[in-house]
Amino acid sequence: MKILAEIHPKKKLEKLSLQLEDLLSSFDGIDIPDSPMGFPSPLPISVATLARRISEQKEIIINQRLADVN
């Protein structure tokens, strides 16, 4: 069983990098939601790219909202 941490993306790159380093050292991976709680935030793919630079071994899951499901 893997334990993943959910990260709420921040707009400041320095704070985001520190938070990712801390989470990736403590958990098996991270889950990045798209606009958590409806608040605007950076795209999850950009946060995942930063996380991949920090750790290539950890699991990273991104959630992408769809504008239309038809």
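Structure: above.
The rules behind these values
Residues numbered from 1 in each chain as written. Predicted model: local features only at pLDDT ≥ 70, side-chain atom pairs only at ≥ 80, totals over all residues. Heavy atoms only, no water. Core = buried A, V, L, I, M, F, W, Y, C linked by side-chain atoms within 4.5 Å. Buried < 20%, exposed > 50% of the residue type's maximum accessible area, 1.4 Å probe, protein only. Helix = DSSP H or I, 4+ residues; strand = E, 2+ residues; numbered from the N terminus. Contact = heavy atoms within 4.5 Å. Pairing = 2+ DSSP bridges. Axes fitted to C-alpha atoms, helices over the stretch in contact; angles between N-to-C directions. Salt bridge = Lys/Arg side-chain N within 4 Å of Asp/Glu carboxyl O. Right-handed = clockwise from strand over helix to strand, strands pointing away.

Overview of the nonpolar core
Line of reasoning, step 1. If you look at the biggest cluster of nonpolar residues, it comprises 13 residues, and the most contacted ones within it are Ile7, Leu16, Leu20, Ile30, Ile32, Ala51 and Ile60.
Line of reasoning, step 2. Among the elements of the structure, helix H1 (13-26), strand E2 (29-32) and helix H2 (44-54) are those that each provide at least two residues to this core.
Line of reasoning, step 3. When neighbours within four sequence positions are excluded, Ala51 is seen to be in contact with Leu20, Leu24, Ile30 and Ile60.

Some thoughts on the environment of Thr49
Line of reasoning, step 1. Its location among the elements puts Thr49 in helix H2.
Line of reasoning, step 2. Taking relative accessible area as the criterion, Thr49 reaches 44% and is therefore assigned partly exposed.
Line of reasoning, step 3. Considered as a pair, Thr49 and Arg65 are 16 residues apart in the sequence and their alpha carbons are 18 Å apart.

Details of the sheet that holds strand E3 (residues 59-62)
Strand pairing in a sheet takes place through backbone hydrogen bonds and is either antiparallel or parallel in direction.
Line of reasoning, step 1. With parallel pairing, the three strands of this open sheet are ordered in space as E1-E2-E3. Strands with a single pairing partner mark the edges of an open sheet, and in this sheet they are strand E1 (4-6) and E3. For this sheet, the mean inter-axis angle between neighbouring strands, taken without regard to orientation, is 20°.
Line of reasoning, step 2. Two elements, E1 and E2, share three bridges in a ladder whose sense is parallel. What sits directly across from Leu4, in E2, is Gly29.
Line of reasoning, step 3. Of the strands in this sheet, E2 and E3 touch H2, which is tilted by about 170° from E3.

Comments concerning the pattern of salt bridges
Line of reasoning, step 1. Taken as a whole and assessed by the stated rule, the structure comprises one salt bridge.
Line of reasoning, step 2. For Lys2, the salt bridge goes to Glu59, with nearest N and O atoms at 3.3 Å. Taken together, the residues span a long stretch of sequence, with Lys2 in the segment before E1 and Glu59 in strand E3 at a distance of 57 residues.
Line of reasoning, step 3. Here Glu59 falls in the partly exposed class, since its relative accessible area comes to 29%.

Description of the pairing of E2
Line of reasoning, step 1. Side chains of E2 alternate between two faces, with Gly29 and Asp31 and Ile30 and Ile32 buried alike.
Line of reasoning, step 2. Between the parallel elements E1 and E2, the chain passes through H1 in a crossover that is right-handed.
Line of reasoning, step 3. Sheet analysis places E2 next to E3, joined by four bridges and oriented parallel. Bridging across to E3, Asp31 finds its partner in Ile61.
Line of reasoning, step 4. With H2 bridging E2 and the parallel E3, this β-α-β connection has right-handed handedness.

Shape descriptors only; they carry no functional weight alone.
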